[in-house]
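Okay, here's what each chain looks like letter by letter:
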Amino acid sequence: MQLFQNLLVSTTRPWALVRGQNTARLLIVALDANHNVLVNEIENDIFRLIKQLAPGDDIENANVEVTHADVRYKQKKSLYKVTSTLTGPIAIEDVIYFNPPGGIPNTVDTSKDIIFRRIRFGRTEVFAQSEALLATQVQNKKVQAKKGKLRMVESQPSDSQEASSGDMKVDHRYVRSGLTNGMISGLLLFSIHSKRTTSAGRLVKTVIIGLGAGLLPMCMRNYIPTLKIEVVESDPVVLNVAKEYFSFEEADGLKVHITDAMKFVKERAEGNNSSKIDVLIIEVDSSDSSSGLICPEAEFVEEPFLLAAKDSLSDKGLLIVKFITCYPGVRAAVYSNFEKVFSNLFCLHADKGFNELIFALKKDSPFIGEEELAQACEALQRSLEHNSGDWVKQALVDSKKIKQLRKS
C-alpha cells in the first residue's frame, strides 16, 4: 500500500507510469479495507466512468486495460529491508508471476514456478530498479579471452534438482531490462565501428557509475570477457546488498570503488593517457523528482560533467547514459547540453520507448551518419556469426535500432 501512497502524492511518478505503459491516460482507483466489492464490479464502474468522460467514443472496442495491484504476482516475499544514510530505504523481495516475462533461458524449466529477485529503492519505489532470475546453481564457463578480440560466451546451468529460493542463485545469463541489452549492443556496435578492440591490442577499460544490484557488470563480464570493468558506487550498503542477495562478486577484471562519482571522473579527466576510460556508463537514478528526471541525477547531464566525462575518455572512447524523463522540455534541455559537448550523438529507445540510452563518441570527426551505422551493424553481425543464443540475436536486433540523436 505504501507503494501506491507514494504514487498518489508524487507529481512525476503517475506520468512515468503513463509513459511506461505506452498509454494516453491513466486512471488510479484507490480503495481501503472498508470496500468489500468484487473486482468485476470495480471494472464495470471504471468503464461507466470512462463513458461519461468520453461519451462519443466506442469504449467497448477501445484499448482499455485494467491492472490490479499485485494481481500479476502469484507470490511475493519480502526478504530484506535496510535504510542507508546515503541512499535511503532499500528493499529486496522475491516474486513469482502468474505470467512470467519473456527471455527466459531455454535451460530453465518453465513448467515450474520461476522466481525473480528484485531490488527497490525508496526514492523511486514505484519502479523495481533491477530484477534478476533465480535458478539452481549456475556455472559460468571460464574463457581465456584473447586481448583485442570481442568474445561473447554462454554459461551453463548445473544438473541440480529443484530448490527453494534460499538454495538458488542469480542467473546472470538472464537479461530482463531492454536497457541492459541496449547498452551492450551499443558498446559492441561502436567498438566495431571504431575498431577499438582489434587495433588497441588490450582489454577495453569500462567504468560503470552506479552499482545497484550489480546485474549489469556481472552480465557484461559474462558475455564480453574482453572488458576490464570498474564500478563506482558511493554507498557501501548498496555493495553489501548486491553481494548478499544478487550474487555479485568482485574478481580479476571487475572491481568496485566506493567513492564519489564526480571526483572519480574528474581525476580520470585530469590524469594521463593510461588512466583514460574506453567506455563510461552512467546508470544512476535521480533522487530529486523536482528536476524532472527519473534517471540520471541532474548533474550527470549538465555541461560541466559532460565536459569532464569527455576528457576522461580515451581517443576512441564512448559515453553511455541511461536517460528517463516524462517531460519534453527536460528532454530537449538535456539533448542541448549533449550537443554543446559532443558531435557524434546517438540514441536507443527501449522498453516501449519509456527508457532511453544516449551514446556519445569522444571523436567529433569523422561524422557518423545513418549509412556508417548500417555498415557497422553489418560488421557486428559478421563478427558474431559464430556465436549462438537468443541474447546474440537480441543484440543484433537492438544494434539496428540505434539512431542519430535529434531534438525533434
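Here, the structure is the one placed above.
Our subject in this report is the structure included herewith. Predicted, not measured: the structure shown is a model, and the values here were computed from it. (Residues numbered from 1 in each chain as written. Predicted model: local features only at pLDDT ≥ 70, side-chain atom pairs only at ≥ 80, totals over all residues. Heavy atoms only, no water.)

1. Brief notes about the overall build of the chain
Along the backbone of the chain there are twelve helices and 16 strands. Counting the 408 residues in the chain, one finds 49% classified as buried. (Helix = DSSP H or I, 4+ residues; strand = E, 2+ residues; numbered from the N terminus. Buried < 20%, exposed > 50% of the residue type's maximum accessible area, 1.4 Å probe, protein only.)

2. Re the pattern of salt bridges
If you walk through the whole model with that rule in mind, you get eleven salt bridges. Salt-bridge contacts for arginine 118 lead to glutamate 93; the nearest nitrogen and oxygen are separated by 2.3 Å. Of the two residues, arginine 118 is situated in strand E3 (residues 115-121) and glutamate 93 in strand E2 (residues 88-97); the sequence distance between them amounts to 25 residues. A relative accessible area of 1% means that arginine 118 is categorised as buried. According to the relative accessible area criterion, glutamate 93 is buried, its value standing at 11%. Arginine 331 is the salt-bridge partner of glutamate 356, the closest N and O atoms lying 3.3 Å from each other. Of the two residues, glutamate 356 sits in strand E15 (residues 355-361) while arginine 331 sits in helix H10 (residues 328-341), which places them 25 residues apart along the sequence. Considered together, glutamate 356 and arginine 331 belong to a single accessibility category, that of buried residues. Three or more residues joined by partner-sharing salt bridges are found here, namely Glu93, Arg118, Arg120 and Glu131. (Salt bridge = Lys/Arg side-chain N within 4 Å of Asp/Glu carboxyl O.)

3. Looking at the nonpolar core
In terms of nonpolar packing, the biggest core is built from 65 residues, with Met220, Phe246 and Phe359 touching the most fellow members. The element that contributes the greatest number of residues to this core is helix H4 (residues 178-194), accounting for eight residues. If you look at the next biggest cluster of nonpolar residues, it comprises 31 residues, including Val265, Ile277, Phe305 and Phe338. (Core = buried A, V, L, I, M, F, W, Y, C linked by side-chain atoms within 4.5 Å.)

4. So, the packing of helix H9 (residues 303-312) against H10
The relative placement of two packed helices is expressed as an angle between their axes plus a distance between the axes. Where H9 contacts H10, the axes come no closer than 9 Å and their chain directions differ by 40°. With respect to H10, the element H9 is oriented oblique. Taken as a pair, H9 and H10 cross one another with a handedness that is right-handed. Contact residues: Glu303, Leu306, Leu307 and Lys310 in H9; Asn337, Phe338, Lys340 and Val341 in H10. The residue inventory of the contact of H9 with H10, partitioned by class, reads four nonpolar, one polar and three charged. (Axes fitted to C-alpha atoms, helices over the stretch in contact; angles between N-to-C directions. Parallel < 35°, antiparallel > 145°, perpendicular 65-115°, else oblique. Left-handed = near helix turned anticlockwise from the far one by under 90°. Contact = heavy atoms within 4.5 Å. Nonpolar A, V, L, I, M, F, W, Y, C, P; charged D, E, K, R; others polar.)

5. Comments concerning the pairing of strand E11 (residues 277-282)
The buried fraction of E11 amounts to six of the six residues, a majority that puts the element mostly inside the structure. With five bridges joining them, E11 and strand E13 (residues 313-325) adopt parallel strand pairing. Note on E13: the bridge partner recorded for isoleucine 281 is isoleucine 320. (Pairing = 2+ DSSP bridges.)

6. Describing the sheet that holds E2
Whether parallel or antiparallel, the strands of a sheet pair through hydrogen bonds between backbone atoms. Reading across from one edge, E1-E2-E3-E4-E7 is the order of the five strands in this open sheet, with antiparallel pairing throughout. Looking at strand neighbours, the two that pair on one side only are strand E1 (73-84) and strand E7 (169-170), the edges of this open sheet. Pairing of E2 with E3, which is carried by seven bridges, proceeds in the antiparallel orientation. Note on E3: the bridge partner recorded for alanine 91 is arginine 120. Relative to the sheet, helix H7 (residues 236-245) contacts E1, E2, E3 and E7, its axis offset from that of E1 by approximately 145°.

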